[in-house]
Amino acid sequence: MCCREAYAIACLGVTEGDWDALANAALEGLEFEIAKKSFIRTKNLKYLKLIHSIEVRNYCIIKLYLSILACMIKEDKCMI
């Protein structure tokens, strides 16, 4: 069962331990949205901060990659 399906079932009513298990499984599977929603249910600020820092870093890396790619395309057009 994928984390999204497990999340939908968990919303019907599970224990805090089940939410923690789901959150950890989602985090290990890099399903940050499900992990974040699950950690919100258990009010686990430590892991919510961790996910936020990962998302910020990923955003910065993607932004840098796109900037580099744009420069490479611009240089390639100039050389033609």
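For the structure itself, look to the data block above.
These numbers come from a predicted model, not from an experiment.

Enquirer: Could you give an account of unusual backbone geometry, with specific residues and numbers?
Expert: A negative phi angle is the norm for most residues apart from glycine, just as the trans form is the norm for most peptide bonds. Positive phi outside glycine occurs at Leu-30, with the angle close to 60°. Tracing the chain through its elements places Leu-30 in the loop between helix 2 (16-28) and helix 3 (32-42). Look at Leu-30 and you get exposed, because its relative accessible area is 61%. Look at Lys-43: it is not a glycine, yet its phi comes out positive at around 55°. Mapped onto the fold, Lys-43 is located in the loop between helix 3 and helix 4 (45-79).

Enquirer: With reference to specific residues and values, describe the packing of aromatic side chains.
Expert: Using the criterion set out here, one finds 2 aromatic pairs in the structure. With centroids separated by 5.5 Å and ring planes inclined at 65°, the aromatic side chains of Tyr-7 and Trp-19 adopt a geometry described as edge-to-face. Taken together, the positions of Tyr-7 in helix 1 (residues 3-10) and Trp-19 in helix 2 put the pair 12 residues apart, joining distant regions of the chain. Since its relative accessible area comes to 15%, Tyr-7 is described here as buried. A relative accessible area of 6% places Trp-19 in the buried class. Centre to centre, the rings of Phe-39 and Tyr-47 are 4.8 Å apart; their planes meet at 5°, and the pair counts as stacked. By relative accessible area, which is 1% here, Phe-39 ends up buried. For Tyr-47, a relative accessible area of 26% gives the class partly exposed.

Enquirer: So, the packing of helix 1 against helix 2: which residues are in play, and what are the values?
Expert: Where helix 1 contacts helix 2, the axes come no closer than 10 Å and their chain directions differ by 160°. On the basis of their axis angle, the class for helix 1 and helix 2 is roughly antiparallel. With respect to the hand of their crossing, helix 1 and helix 2 are arranged in left-handed fashion. The residues of helix 2 that touch helix 1, namely those facing Cys-3, Ala-6, Tyr-7 and Ala-10, are Trp-19, Leu-22, Ala-25 and Ala-26. Looking at side-chain class alone, the contact of helix 1 with helix 2 contains 8 nonpolar, no polar and no charged residues.

Rules and cut-offs
Residues numbered from 1 in each chain as written. Predicted model: local features only at pLDDT ≥ 70, side-chain atom pairs only at ≥ 80, totals over all residues. Heavy atoms only, no water. Helix = DSSP H or I, 4+ residues; strand = E, 2+ residues; numbered from the N terminus. Buried < 20%, exposed > 50% of the residue type's maximum accessible area, 1.4 Å probe, protein only. Phe/Tyr/Trp six-rings, centres within 6.5 Å; stacked < 30°, edge-to-face > 60°. Axes fitted to C-alpha atoms, helices over the stretch in contact; angles between N-to-C directions. Parallel < 35°, antiparallel > 145°, perpendicular 65-115°, else oblique. Left-handed = near helix turned anticlockwise from the far one by under 90°. Contact = heavy atoms within 4.5 Å. Nonpolar A, V, L, I, M, F, W, Y, C, P; charged D, E, K, R; others polar.

Just geometry here; none of it tells us what the structure is for.
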